[in-house]
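Observations on chain architecture
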Amino acid sequence: MRRLNRKKTLNLMKELDAFPKVPESYVETSASGGTVSLIAFTTIAFLTIMEFTVYRDTWMKYEYEVDKDFTSKLRINIDITVAMRCQYVGADVLDLAETMVTSADGLIYEPVVFDLSPQQKEWQRMLQLIQSRLQEEHSLQDVIFKSAFKSASTALPPREDNSLQSPDACRIHGHLYVNKVAGNFHITVGKAIPHPRGHAHLAALVSHESYNFSHRIDHLSFGELIPGIINPLDGTEKIASNHNQMFQYFITVVPTKLHTYKISAETHQFSVTERERVINHAAGSHGVSGIFMKYDISSLMVTVTEQHMPFWQFLVRLCGIIGGIFSTTGILHGFGRFVAEVIFCRFRLGSYRSTSVPLPDGHTSNHLPLITDNSMH
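Residues numbered from 1 in each chain as written. Predicted model: local features only at pLDDT ≥ 70, side-chain atom pairs only at ≥ 80, totals over all residues. Heavy atoms only, no water.

1. Digging into the nonpolar core
Selection rule: Nine residue types can take part in a nonpolar core, namely buried Ala, Val, Leu, Ile, Met, Phe, Trp, Tyr and Cys, and a core is a set of them joined through side-chain atoms within 4.5 Å. Relative accessibility thresholds used throughout: buried, under 20% of the residue-type maximum; exposed, over 50%; partly exposed, between the two (1.4 Å probe, protein chains only). For helices the rule is a DSSP run of H or I covering at least 4 residues; for strands it is a run of E covering at least 2, with both sets numbered from the N terminus onward.
With 36 residues, the main nonpolar core has F185, I187, I251, M293 and Y295 as its most contacted residues. For this core, the secondary-structure elements that each account for two or more residues are β2 (73-82), β3 (89-95), β6 (169-179), β7 (183-189), β10 (215-223), β12 (245-259) and β14 (290-297). Here the element with the most residues in this core is β2; it accounts for five residues. Counting eight residues, the second largest nonpolar core, distinct from the first, contains I226, I229, L258 and V302.

So, in structure tokens, the structure goes:
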């Protein structure tokens with residue numbers, strides 16, 4: 001009884017078989033089929049390797065939402081060299097809330113030589129080259145995000161030569177914490193002093209001929225300092241053509257949350273527009289000589305997340321490649337054989353076209369001659 005039930009179960013399973021087997025004696029192989037099979041296997045191998053490469057790669061997903069955090073402080077990371085002595089210049093921040101943040105709260109004034117050493121010039125040249133490529137190919141920013149904390153530091157390397165030249169410039173570097181509102185970070189002549197209506201700089205004690213606001217921005221960023229991230233103004237160098245030169249940078253700061261497989265940090269991206277002009281009150285060009293960075297905070301926050309293709313999706317795509325190529329090559333091979341058979345059949349029929357046979361009465365017969373045993377011999 002059990003054997004009978006087992007046989008019935010096996011017969012039922014055989015009837016449900018969606019992959020019937022064909023005996024090998026009924027299978028016909030051909031050279032064309034082997035060629036098509038070789039092409040199909042080669043294509044499958046190539047596409048499988050390409051698909052595996054895509055599976056190993058990652059991409060960045062950008063999401064946008066309203067930034068609801070207005071109470072926290074914004075960190076400004078600064079590393080700027082000005083071609084003036086440190087006792088002649090002062091740096092500070094004044095925001096729309098009329099809150100003044102002086103350089104004494106986190107900035108260091110370091111006397112240096114303005115001209116770079118050969119190694120530092122090579123570093124600056126490479127940084128400017130990367131900046132130009134970033135402006136042309138925006139997808140490179142994703143590569144920089146994924147290589148954060150993994151690539152080399154983007155800071156200016158120290159001088160490799162012991163220059164005997166006396167310092168003629170001032171390197172202002174460090175960081176400041178400011179309110180998360182629009183503000184103005186500036187470097188101008190004289191140290192800043194508090195004022196009931198804002199603030200002022202003691203510029204009267206500095207000779208006008210010593211004004212030189214040629215500068216180099218080695219680094220400027222907002223938020224958490226992340227090694228490997230290149231910001232828009234890094235490597236910028238401006239040479240003043242006049243003592244009364246004003247350099248202005250209009251910056252829009254976008255809060256950014258960065259989540260990759262290497263790091264998770266809260267930083268800020270920014271875009272910048274540059275402008276420079278000579279102060280000439282007689283010609284109507286008013287202002288103060290110096291370097292002014294006016295920044296504004298965007299109300300939108302960007303979340304950048306590194307994503308990876310799931311393994312199940314990789315298997316589905318791989319099955320689609322294998323099945324699709326087998327089906328497509330089978331259809332093309334069958335169609336090719338059909339066309340070839342049609343052409344060869346017409347060729348064979350053409351070789352047996354009717355011939356004219358003369359008769360004794362002068363008529364002709366268009367019938368095919370009868371093939372007999374004597375004619376075979």
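2. Observations concerning the side chain of H173
What counts is decided by this rule: Think of a polar contact as two N or O atoms within 3.5 Å of one another; within protein, one of them needs to be a possible hydrogen donor and the other a possible acceptor, and neighboring residues in sequence only count if both atoms come from side chains. Residues count as neighbours in contact if any of their non-hydrogen atoms are within 4.5 Å of one another.
Inspection of the secondary structure assignment puts H173 in strand β6. Of the residues examined, H173 reaches a relative accessible area of 16% and is grouped as buried. A polar contact of 3.1 Å, which involves the side chain of H173, links it to the side chain of E110. Residues in contact with H173, not counting those within four places in the same chain, are I78, D79, G106, L107, I108 and E110.

3. A few points about the state of the cysteines
Each disulfide consists of one covalent bond between the sulfur atoms belonging to two cysteines. Formally: Count a disulfide wherever a pair of cysteine sulfur atoms falls within 2.5 Å.
Inspection of every chain in the model, using the stated rule, returns one disulfide. There is a disulfide in this structure between C86 and C170, and the S-S distance comes to 2.3 Å. On the sign convention where negative is left-handed, the bridge of C86 and C170, at about 105° about the S-S bond, is right-handed. You can see C86 sitting in the loop between β2 and β3 and its partner C170 sitting in strand β6, a full 84 residues away along the chain. No difference in accessibility class separates C86 from C170, as the two residues are buried.

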